[in-house]
Amino acid sequence: MSSPHQEVFELPMLSASIATPPLESVDGQPTSSSLYSRASVPAASNSGLESSEPMIDGRKHRLRAAIQFGTCCWILLLCGWNDGSTGSLLPRIQQVYNVNFTTVSLLFVCACIGFMIGAFVNIYLSDRLGFGKTLLLAAALQSLAYALQAPALPFPVFVMAFTINGIGLSLQSAQSLGYTAALKDRPSLKMGVNQACYGLGAFVSPLVATQFAQMPKWSYHYLVCEALVLANAVLVFLVFRGKTQEECLLQIGQLPMESNNSEHSKFKQIMNQKTVQVLALFGLVYVGTEVAIGGWIVTFVQELRGGGASAGYVSAGFFGGLMVGRLALLWVNHKIGEHRVIYLYCVLCIGLELIVWFVPSLLSSAISTALVGLLFGPFYPIMMNHSGRVLPHWILTASIGYIGAIGQAGSALIPFFTGAMANKFGIQSLQPFVVSMMASLTFLWWCVPSGPRRVD
């Protein structure tokens, strides 16, 4: 009786096991093939193997994700380092080359040309070269630019290096921001951390540049920049290995986003998106105003508030506030709402700029400038997070890159206008110009859709 009973009991189990397809791990590789090739392995032990291997893959994905995201943060730190150092070196550059405000502002014009070239080339390179190779190309361009700046070559060559550096910075910023925006795990926090790293670089670099500005070999500051860029190139190569963004995301267990069903090219789709253009214009005015404050506040304080050679620390205070604001005010953004809180920050920043404008005190100007940085900091990560909510997924990365690159162009264009106005009306024109730019930001943000609209 026992033998027939055993056959009736085992046959259903065998048929059930044959009908069950092999389980797959997170990376798509079979993890339970031993169930079908080794009948001697008990079912309980197979179940343990199936549950442990996905856990191991999960840890590997988290580690890779942390390394890749950390590399993107390092890239943004170097972008901030570059933008933050120019203001502290500007008075010394004027002195060495014996040029006026308008002429020295050509540095920003040439950088703007580079940023604009990078904005459009990035869309092409993203599809042709891919994520990792584009980052390596950008690092090579930056390395060339700093090599031309370090010897303090004649002014035309020195200025031309800003164009080369602008292309490299534009590509680096666009690719790293596009990658961060594509992440699905806590994107708002990661964009805030990413942009805080930009603020950290912009905070530290004036401290270093101010010291070099007082030395005979002031241009050796660019040797420090060269070393940082070379380290960045090595890091980018080791981490991303020239892979596309989709391949890098697959390495951390994130599947590709929805595909593009449009008959139009990606470039044409981006150009036709009204929301992309408004966000790009907002980014241009924001980044330009940010760099104009950080770049020209040193000259403003030296000439109108009695600041000495250490006035570069006021610029460091502004960028330090920028860094802190992008992390410390995350809870405020969440409490009020990211779209609404921009209006509050704009009003408060305008009020603080009025204090810098009308109160003739070095201390109040320094404190107010640092507080402007604190409140100004969240603008950019909020803009990038909002882009992910209102733009189609299939053009999100390229759009983020385009918006970021146009914003980088603003970091050159608006400071140039600031310098041209300072040459004609005096450096006291800085504050009314900054206030007008902040009012423009309020209007531009009102033009941005507040809802999660995918198609314009």
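What counts and what doesn't
- Residues numbered from 1 in each chain as written.
- Predicted model: local features only at pLDDT ≥ 70, side-chain atom pairs only at ≥ 80, totals over all residues.
- Heavy atoms only, no water.
- Helix = DSSP H or I, 4+ residues; strand = E, 2+ residues; numbered from the N terminus.
- Buried < 20%, exposed > 50% of the residue type's maximum accessible area, 1.4 Å probe, protein only.
- Contact = heavy atoms within 4.5 Å.
- Areas by Shrake-Rupley, 256 points an atom, 1.4 Å probe, with all protein chains shown as cover.
- Core = buried A, V, L, I, M, F, W, Y, C linked by side-chain atoms within 4.5 Å.
- pLDDT = per-residue confidence, 0-100.
- Phe/Tyr/Trp six-rings, centres within 6.5 Å; stacked < 30°, edge-to-face > 60°.
- Lys NZ or Arg CZ within 6 Å of the ring centre and 35° of its normal.
- Salt bridge = Lys/Arg side-chain N within 4 Å of Asp/Glu carboxyl O.
- Expected span 1.5 Å × (residues − 1).
- Axes fitted to C-alpha atoms, helices over the stretch in contact; angles between N-to-C directions.
- Parallel < 35°, antiparallel > 145°, perpendicular 65-115°, else oblique.
- Nonpolar A, V, L, I, M, F, W, Y, C, P; charged D, E, K, R; others polar.
- Polar contact = N/O pair within 3.5 Å; in protein donor to acceptor, adjacent residues only side chain to side chain.
- Lys, Arg positive; Asp, Glu negative; His and termini not counted.

**With respect to the overall build of the protein**
And step 1. The helix and strand inventory of the protein stands at 19 helices and zero strands.
And step 2. Going through the 456 residues of the protein one by one, you find that 53% of them count as buried.
And step 3. Here the analysis covers contacts within the protein between residues at least 6 apart in sequence; of these, 83% occur between residues at least 24 apart.
And step 4. Carbon and sulfur atoms provide 67% of the accessible area of the protein, an area that totals close to 19700 Å².

**Here's the deal with the nonpolar core**
And step 1. Ile93, Leu107, Tyr222, Tyr286, Phe376 and Phe379 are the most contacted members of the largest nonpolar core, which totals 100 residues.
And step 2. Of all the elements, helix α12 (residues 274-304) adds the most residues to this core, at 16 residues.
And step 3. If you look at the next biggest cluster of nonpolar residues, it comprises 19 residues, including Cys73, Leu77, Tyr179 and Cys248.

**Details of the confidence of the model for the protein**
And step 1. Of all residues in the protein, 84% have pLDDT values of 70 or greater, and the mean over the chain is 82.
And step 2. In this model residues 47-51 is a low-confidence stretch, pLDDT under 50, and it forms four contacts with partners more than four residues away in sequence or in other chains.

**Quick word on the packing of aromatic side chains**
And step 1. If you walk through the whole model with that rule in mind, you get 23 aromatic pairs.
And step 2. The interplanar angle of 40° and the centroid separation of 5.6 Å between the aromatic rings of Tyr97 and Phe158 together place this pair among those described as tilted. Of this pair, Tyr97 sits in helix α3 (residues 43-97) while Phe158 sits in helix α7 (residues 155-182), and the two are 61 residues apart along the sequence.
And step 3. Judged by its relative accessible area of 0%, Phe158 is buried.
And step 4. Consider the rings of Tyr286 and Phe379, whose centres lie 5.6 Å apart with planes at 15°: the pair is stacked. Of this pair, Tyr286 sits in helix α12 while Phe379 is found in helix α17 (residues 379-390), placing the two residues 93 residues apart along the sequence.
And step 5. For Tyr286, a relative accessible area of 0% gives the class buried.
And step 6. Look at Phe379 and you get buried, because its relative accessible area is 0%.
And step 7. Taken together, the ring pairs in this structure connect Tyr97, Tyr146, Phe155, Phe158, Phe162, Trp218 and Tyr222 into an aromatic cluster.
And step 8. Taking the ring centre of Phe69 as reference, the NZ or CZ of Lys190 above it sits at 5.7 Å.

**Description of the pattern of salt bridges**
Any two side chains of opposite charge can pair, on the condition that their charged atoms come close.
And step 1. Tallied over the entire structure, the rule returns four salt bridges.
And step 2. For Lys190, the salt bridge identified is with Asp185, shortest N-O distance 3.8 Å.
And step 3. Residue Arg389 pairs with Glu338 through a salt bridge whose shortest N-O separation is 2.7 Å. Here Arg389 is found in helix α17, whereas its partner Glu338 is found in helix α15 (residues 338-358), with 51 residues between them in sequence.
And step 4. Look at Glu338 and you get buried, because its relative accessible area is 16%.
And step 5. Each of Asp185, Arg186 and Lys190 takes part in one network of salt bridges that share partners.

**A short note on the environment of Leu235**
And step 1. By the element assignment, Leu235 lies in helix α9 (residues 221-240).
And step 2. Leu235 sits in the partly exposed class, given a relative accessible area of 30%.
And step 3. Taking C-alpha positions, Leu235 is 9.3 Å from Trp74, a pair spaced 161 residues apart along the chain.
And step 4. With residues near it in sequence (within four places) discarded, Leu235 still touches Thr71 and Trp74.

**Let's talk about the environment of Ser219**
And step 1. Tracing the sequence through the fold places Ser219 in the loop between α8 (187-213) and α9.
And step 2. Beyond its immediate stretch of four places on either side in the chain, Ser219 contacts Gln149, Ala150, Pro151 and Ala152.

**Observations regarding α7**
And step 1. Under the 1.5 Å per step criterion, the end-to-end length of α7 is 41 Å for 28 residues, consistent within 8% with the ideal 40 Å.
And step 2. With 25 of its 28 residues buried, α7 lies for the most part within the structure.

**Description of the packing of α15 against helix α19 (residues 430-447)**
And step 1. Contact pair α15 / α19: the axes reach a minimum separation of 10 Å and the direction vectors enclose 170°. When the axes of α15 and α19 are compared, the pair comes out roughly antiparallel. Every residue of α19 that contacts α15 at Glu338, His339, Ile342, Tyr343, Cys346, Cys349, Ile350, Glu353, Leu354, Val356 and Trp357 is listed here: Gln431, Pro432, Val434, Val435, Met438, Ala439, Leu441, Thr442, Trp445 and Trp446.
And step 2. Split by residue class, the contact of α15 with α19 holds 16 nonpolar, three polar and two charged.

**A word on helix α18 (residues 396-425)**
And step 1. Relative to the 44 Å expected for 30 residues at 1.5 Å per residue, α18 spans 42 Å between its end C-alpha atoms, a close match to the ideal helical length.
And step 2. Across the 30 residues of α18, 22 count as buried, placing the element largely inside the fold.
And step 3. Just past α18, the residue Gly426 takes up positive phi, approximately 100°.

**Description of the environment of Val229**
And step 1. Note that Val229 resides in helix α9.
And step 2. Among the residues examined, Val229 registers a relative accessible area of 2% and is labelled buried.
And step 3. Separated by 151 residues in the primary sequence, Val229 and Leu78 place their C-alpha atoms 7.7 Å from one another.
And step 4. Filtering out sequence-adjacent residues up to four positions away, Val229 remains in contact with Leu78, Ala139, Gln142, Ser143 and Tyr146.

**Observations concerning the side chain of Thr369**
And step 1. Take Thr369: it is sitting in helix α16 (residues 362-376).
And step 2. Relative accessible area serves as the criterion here: at 1%, Thr369 is assigned to the buried category.
And step 3. A polar contact of 2.6 Å, which involves the side chain of Thr369, links it to the backbone oxygen of Ser365.
And step 4. When residues no more than four places from it in sequence are discounted, the contact partners of Thr369 are Ile293, Ile297, Val314, Phe318 and Val356.

**Concerning the side chain of Arg92**
And step 1. As for its position among the elements, Arg92 is in helix α3.
And step 2. The buried charged residue Arg92 lacks any salt bridge partner; its closest oppositely charged side chain belongs to Glu303, at an N-O distance of 15 Å.
And step 3. If we skip the residues at most four places from it in the chain, Arg92 touches Phe212, Ala213, Gln214, Met215, Pro216 and Trp218.

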